Amino acid sequence: MEAEGRELYAAAAAEYADRKYCSGYGTWRSDVNGIAVPVRTLEGGRIYGLNVGGPAHRMTPKELETVYAAPLIATGDRLALQG
């Protein structure tokens, strides 16, 4: 993994450890914002992603963090428990 990739991974891992989700505010495309959580299978063999996002002019970082983050985290946790 090149240095930039390692830095991006480290930043995402730190954000997840702190907030329990990862964000992308204009990083994939400048006009798209989103947050995501992992959904783990019961046996731990696979990890899937669950996200909320959309056009940056409709989905602001503040809205994603204050309105959608908690329900997204809870849903990811529930899905993981259901296997």
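Residues numbered from 1 in each chain as written. Predicted model: local features only at pLDDT ≥ 70, side-chain atom pairs only at ≥ 80, totals over all residues. Heavy atoms only, no water.

Enquirer: An account of the overall build of the protein chain is requested, with residue identities and associated values reported.
Expert: Looking only at helices and strands, the protein chain features two helices and three strands. When its C-alpha atoms are laid out on the principal axes, the protein chain stretches across 35 × 35 × 20 Å. For the protein chain, buried positions account for 19% of its 83 residues. Long-range contacts, defined here as pairs at least 24 residues apart, represent 41% of the contacts in the protein chain between residues at least 6 apart. For the protein chain, the accessible surface area stands at approximately 6000 Å², while carbon and sulfur atoms represent 56% of it. Here the protein chain holds 9 positive side-chain charges and 10 negative ones, and the gap between their average locations is 5 Å. (Helix = DSSP H or I, 4+ residues; strand = E, 2+ residues; numbered from the N terminus. Buried < 20%, exposed > 50% of the residue type's maximum accessible area, 1.4 Å probe, protein only. Contact = heavy atoms within 4.5 Å. Areas by Shrake-Rupley, 256 points an atom, 1.4 Å probe, with all protein chains shown as cover. Lys, Arg positive; Asp, Glu negative; His and termini not counted. Charge placed at Lys NZ, Arg CZ, Asp CG, Glu CD.)

Enquirer: Describe the environment of M59, naming the residues involved and giving the relevant values.
Expert: Relative to the elements of secondary structure, M59 occurs in the loop between strand 3 (47-55) and helix 2 (61-82). As a C-alpha pair, M59 and L81 span 22 residues in sequence and 29 Å in three-dimensional space.

Enquirer: Describe unusual backbone geometry, and please don't skip the residues or the numbers.
Expert: Note on backbone geometry: most residues besides glycine have negative phi, and most peptide bonds are trans. A positive phi angle, close to 70°, is found at K20, a residue other than glycine. With respect to the helices, strands and loops of the structure, K20 is situated in the loop between helix 1 (3-19) and strand 1 (22-25).

Enquirer: Explain helix 1 residue by residue, including any values.
Expert: A rise of 1.5 Å per residue sets the reference length of helix 1, with its 17 residues, at 24 Å; its end C-alpha atoms lie 24 Å apart and thus fit the reference within 8%. Looking one or two places after helix 1, you find K20, whose phi comes out positive at around 70°. (Expected span 1.5 Å × (residues − 1).)

Enquirer: I'd like to hear about the pattern of salt bridges, residue by residue, with values.
Expert: If you walk through the whole model with that rule in mind, you get two salt bridges. One salt bridge in this structure joins R19 and E65, with 3.2 Å as the shortest N-O distance. Taken together, the residues span a long stretch of sequence, with R19 in helix 1 and E65 in helix 2 at a distance of 46 residues. Under the relative-accessibility criterion, R19 is labelled partly exposed at 34%. For D31, the salt bridge goes to R29, with nearest N and O atoms at 3.1 Å. (Salt bridge = Lys/Arg side-chain N within 4 Å of Asp/Glu carboxyl O.)

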